[in-house]
Amino acid sequence: MNKIVIFASGSGTNAENIIKHFGNKDCGTVISVFTNNPNAKVIERAKNFQVPTEIFSKEELSEGKVLQKLNAIQPDWIILAGFLLKLPENFIKQYPNKILNIHPALLPKYGGKGMYGMNVHKAVVDNCEKETGITIHFVNENYDEGNIIFQKSVDLSGTETPEIVAEKIHELEQKYFPNVIEKLLTSNL
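Residues numbered from 1 in each chain as written. Predicted model: local features only at pLDDT ≥ 70, side-chain atom pairs only at ≥ 80, totals over all residues. Heavy atoms only, no water.

## Focus: the pattern of salt bridges
Stage number 1. According to the stated counting rule, one finds ten salt bridges in the structure shown.
Stage number 2. Measuring nitrogen to oxygen at the nearest pair gives 2.9 Å for the salt bridge that ties E54 to K69. One end of the pair, E54, is in strand β3 (residues 53-55); the other, K69, is in helix α4 (residues 65-73), with 15 residues separating them in the sequence.
Stage number 3. Ionic pairing is found between K122 and D126, a salt bridge with its closest N-O pair at 2.9 Å. Of this pair, K122 and D126 are both found in helix α6 (residues 117-126), four residues apart, which corresponds to roughly one turn of the helix.
Stage number 4. Here K122 falls in the partly exposed class, since its relative accessible area comes to 45%. (Salt bridge = Lys/Arg side-chain N within 4 Å of Asp/Glu carboxyl O. Helix = DSSP H or I, 4+ residues; strand = E, 2+ residues; numbered from the N terminus. Buried < 20%, exposed > 50% of the residue type's maximum accessible area, 1.4 Å probe, protein only.)

## Some remarks on the packing of α6 against helix α7 (residues 162-187)
Stage number 1. Look at α6 against α7: their axes get within 8 Å of each other, and the N-to-C directions meet at 115°. Judged by the twist between their axes, the crossing of α6 over α7 is right-handed. Where α6 approaches α7, its residues M118, H121, K122 and V125 are matched on the opposing element by P162, E163, V165, A166 and I169.
Stage number 2. For the contact of α6 with α7, the class distribution of residues is six nonpolar, one polar and two charged. (Axes fitted to C-alpha atoms, helices over the stretch in contact; angles between N-to-C directions. Left-handed = near helix turned anticlockwise from the far one by under 90°. Contact = heavy atoms within 4.5 Å. Nonpolar A, V, L, I, M, F, W, Y, C, P; charged D, E, K, R; others polar.)

## Observations regarding the layout of surface pockets
Leftover empty space is mapped by rolling, across the atoms, a probe with the size of a water molecule.
Stage number 1. Here the largest pocket is characterised by a volume of approximately 870 Å³.
Stage number 2. Along the wall of the largest pocket there are 41 residues; nearest its centre are G82, F83, L84, I102 and Y116.
Stage number 3. Secondary-structure elements contributing two or more residues to the lining of the largest pocket are α1 (13-21), α3 (58-62), β5 (99-103), α6 and α7.
Stage number 4. In terms of residue class, the lining of the largest pocket is made up of 18 nonpolar, 18 polar and five charged. (1 Å grid on protein atoms, 1.4 Å probe; cavity = no way out; pocket = protein on both sides within 12 Å on 5 of 7 lines; lining within 4 Å. Points joined across faces, edges and corners; volume = space filled by probe spheres on them.)

## Notes on the side chain of R45
Stage number 1. Along the polypeptide, R45 turns up in helix α2 (residues 41-48).
Stage number 2. Relative accessible area serves as the criterion here: at 18%, R45 is assigned to the buried category.
Stage number 3. Looking at R45, its side chain comes within polar contact range of the side chain of E16, at 2.4 Å.
Stage number 4. The residues contacting R45, other than those within four sequence positions of it, are S11, G12, T13 and E16. (Polar contact = N/O pair within 3.5 Å; in protein donor to acceptor, adjacent residues only side chain to side chain.)

## Structural notes on the sheet that holds β5
Stage number 1. Here we have seven strands laid out as an open sheet, ordered β3-β2-β1-β4-β5-β6-β7, and mixed in their pairing. Across the chains shown, the open sheet's two edge strands, defined by having one partner strand only, are β3 and β7 (148-155). Strand-to-strand twist of the sheet, defined as the mean angle between neighbouring strand axes without regard to direction, takes the value 20°.
Stage number 2. Sheet topology places strand β4 (residues 77-80) next to β5; three bridges connect them, and they run parallel. Residue L80 lies in a different strand from β5, and its bridge partner there is N101.
Stage number 3. Against the sheet, α7 engages β1 (2-8), β2 (28-35), β4, β5, β6 (131-138) and β7, with an angle of about 30° to β6. (Pairing = 2+ DSSP bridges.)

## Some words on unusual backbone geometry
Stage number 1. Residue L107 is joined to P108 through a cis peptide bond whose omega torsion reads 15°.
Stage number 2. You can see P108 is positioned in the loop between β5 and α6.
Stage number 3. Even without being glycine, Q74 reaches a positive phi, approximately 45°.
Stage number 4. Within the secondary structure, Q74 is located in the loop between α4 and β4.

## Digging into α6
Stage number 1. Inspection of α6 places V120, H121, A123 and V124 among the buried residues, and these make up the whole buried set. Seen from one end, α6 has its buried residues packed into an arc of 160°, which puts them on one side.
Stage number 2. Here the buried face of α6 lies against β5, β6 and α7.
Stage number 3. In the stretch just after α6, C128 is the one whose phi turns positive, near 50°. (Arc of directions from axis to C-beta.)

Below, the structure written as structure tokens:
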């Protein structure tokens, strides 16, 4: 069975969805949630499912302490679900093509440093985009530049607010992210 670790920085709705999805699957299980935010709601969500959490600082990430903790539990996959820090290069080299991220836009559009959450949705609305969507991709050393695994778009009418765009994106994330992860896990067994 594949061991999954989720990295998240915020509310944790995607993390909770992934935990629920793999709660009764033979192909994988979430063994831990790591967060850099001691006030993140993802901590409470993980505890509700008896999933251990690990809280760390940006310094611990850059100094390699997080990588040491990760290596001690030996995950097969690392899933970034609303994780806002850039992973160090040695981290990515340790887990090549085993770290996934979900981005709330159709990459390569609206990717890069600072492009997350409402920043993305506001940019999409400001640029009068006709569509937007989600991208699930492997993580490399650059923000949002890893190989794309899956994209799903949603049409926009041009009357949406950033908040409405956020709702549409959240629906896509909830529907597709766990299923794409499962497909990757089962294709690598």
